[in-house]
Amino acid sequence: MTESVFTYGAPALKFGDGASDEIGYDLAQLGATRALVITDPGVAASGLAERVAEQMARFGVQAAIFDGVHVEPTDASMQAAIDWARSNGPFDAFVAVGGGSSIDTAKAVNLLLTNPGELMDYVNAPVGGGVAPVNVLHPLVAVPTTTGTGAESTTICVMDVLAQRVKTGISHQRLRPTLAVVDPLLTVTQPAGVTASAGMDILCHALESYTAAPYTAKERKQPEQRVPYCGANPISDMWSEKALSLLATHFRRAVTDGDDLDARRGMAMAATFAGLGFGNAGVHIPHANAYPIAGQVRDFHPAGYPADEPMVPHGMAVSLTAPEAFRFTFAAAPQRHLRAARLLEPGATAPSDDASFLPDVLVRLMRDIELPAGVGAVGFNDSDVDDLVDGALKQQRLLATAPRPVNAEDLGGIFRRAMSLW
Ligand SMILES: [Zn+2]
């Protein structure tokens, strides 16, 4: 029997210029008495975490700050945060201030301070035990300072498990933040290169959830089998379509002129909308391919990011195979791919080959915002394809969300064609 039920979950949301000035009040309303602010050293240096902690004092909420979040968290870095919180607690609320890394670390800390056991018990099987939390978590307020990740809306926390050299995570409804505070003013200092990569992440969240296998394509589930990501559905479609229109208006402007506040607001809203969509529908091939692209990087140093470690930022890694992934998925849902292309570039003339419309629109955008011209441009070549395919195949949870079955040969074709996009 096929599925007839879909679910929709979302955090409460506070959006707009200055929204981050009210966190003390919001925490008091949530009943917090002693809250832990979780952030990374870069955000801490900007003074923002301190500012949030000071607001809490005015509402009688005690604050502590942990500023040791590792950008691209590992099981070890999350364990360090958990240990710190355990020895400096108790806490009855958490505030994550930063990018996806801080928000995901706060989800793990909240889980382990409210539930028995250790981190690896909860990590997705087969890497970890895949255990579900037994207790309700404390309130978590998520304050994203980079636009894109959607971590403030989602139920997952992603980490590198060092001993097994694999990127995986924990996924459960209870990990979803209680309140997302999205303040566009926090993103104005984001460099152009970061805005470009993060924007491609937003775009792919919208496109992948819009083209995901519909919830009706799956087997009927029992209530305890339901997962947060249930496939494309009418509610997630609505958020994805609106996110694409916002990106059409604001994306190029936000990259060219970071001081364009109207464009920054549009991007923050696009990120939020896309997060509310993909946080329920799920993502597929471009995100699966991004794991090995980021994980197997050798010597690529993108502009706008810290230069000390070679890296392919998440959004950039996601974008590099997206045009070819959507050429591959076109046949499964032609009308959705065509509509997405029109939403993203309303004035575009359709090419004679319908399957090329969305890839063409994406490539024009990527050129304009100066992203690398393909997987080859970040240091890979055809001899790496087998390893990249192996890495993508490990992301079966994501590949299962693709609108058509995808095997090693299909992925190899996508990676090879994506070596040079223009
Ligand atoms: Zn993403």
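Look a little higher up for the structure.
Reference entry: report on the structure contained in this document. Counting of residues starts from 1 at the beginning of each chain's written sequence and follows it residue by residue. Thresholds applied to this predicted model are a pLDDT of at least 70 for local features of residues and 80 or more for the giving and counting of side-chain atom pairs; totals over whole chains, interfaces and linings are not thresholded and use all residues. By convention in this description, side-chain values take in all heavy atoms of the structure and omit both hydrogens and water.

## Description of the coordination of the zinc ion
Applicable threshold: Atoms of type N, O and S within 2.8 Å of a metal are treated as its donors, and for Na, K and Ca the window is 3.2 Å; water is not considered, so some sites may appear to be missing partners. A site with four donors is called tetrahedral when every donor-metal-donor angle falls between 85 and 135 degrees; four donors are called square planar, and six octahedral, when opposite donors sit more than 155 degrees apart and all other angles fall between 65 and 115; any other arrangement is irregular. Runs of H or I in DSSP of at least four residues are treated as helices and runs of E of at least two as strands, each being numbered from the N terminus. Burial classes follow relative accessibility: with a 1.4 Å probe on protein chains only, a residue under 20% of its type's maximum area counts as buried, one over 50% as exposed, and anything between as partly exposed.
Distances from the zinc ion to its protein donors, namely D201 (OD), H205 (NE2), H287 (NE2) and H314 (NE2), fall within the range 2.1 to 2.3 Å. Around the zinc ion, the four donor atoms sit at angles spanning 85 to 169 degrees, and that spread fits a shape best called irregular. Spacing between the donor residues of the zinc ion along the chain follows D-x3-H-x81-H-x26-H. Pair noted here: H287 is in helix α10 (residues 285–295) and H314 is in helix α11 (residues 314–320), with a separation of 27 residues, a long-range link. For H287, a relative accessible area of 6% corresponds to the buried category.

## Comments concerning the sheet that holds strand β3 (residues 62–66)
Our working rule: One requirement defines pairing of two strands: DSSP has to find at least two bridges between them. Lines are fitted to the C-alpha atoms to define the axes, a helix being fitted only along its stretch in contact, and any angle between axes, read from their N-to-C directions, falls within 0 to 180 degrees. Between two residues, a contact is recorded if the distance between any of their heavy atoms is within 4.5 Å.
Pairing within the open sheet is parallel, and its six strands lie in the order β1-β8-β5-β4-β2-β3. The open sheet terminates on both sides in strands that have one partner only, identified here as β1 (12–15) and β3. For this sheet, the mean angle separating the axes of adjacent strands, direction not counted, is 20 degrees. When strand β2 (residues 34–38) meets strand β4 (residues 93–98), the two strands line up parallel, connected through four bridges. Pairing of A35 across the sheet is with A93, part of β4. Lying on the sheet, helix α3 (residues 48–57) is in contact with β2, β3 and β4; it crosses β3 at an angle near 165 degrees.

## As for the side chain of D260
Let me state the cut-off plainly: Two N or O atoms form a polar contact when they lie within 3.5 Å of each other; inside protein one atom must be a possible hydrogen donor and the other a possible acceptor, and for residues adjacent in sequence the pair counts only when both atoms belong to side chains.
Here D260 shows up in the loop between α8 (234–256) and α9 (261–281). A relative accessible area of 17% places D260 in the buried class. A distance of 3.0 Å separates polar atoms of two side chains, one belonging to D260 and the other to R253.

## A look at the packing of aromatic side chains
How two aromatic rings sit relative to each other is given by the distance of their centres and the angle of their planes. Put simply, the test is: Aromatic contacts are taken between Phe, Tyr and Trp rings whose centres are within 6.5 Å, Trp giving its six-membered ring; a plane angle under 30 degrees counts as stacked, one over 60 as edge-to-face, and the others as tilted. Only when the NZ atom of a Lys or the CZ atom of an Arg is both within 6 Å of the ring centre and within 35 degrees of the ring normal do we say a charge sits over the ring.
Applying the stated rule across the entire model yields five aromatic pairs. On the numbers, 6.2 Å between centres and 55 degrees between planes, the contact of F91 with F94 is tilted. The ring of Y210 carries the charged tip of R336 above its face, separated from the ring centre by 4.8 Å. The side chain of R404 reaches across the aromatic face of F328, ending 3.9 Å from its centre.

These figures come from the coordinates and say nothing about function on their own.
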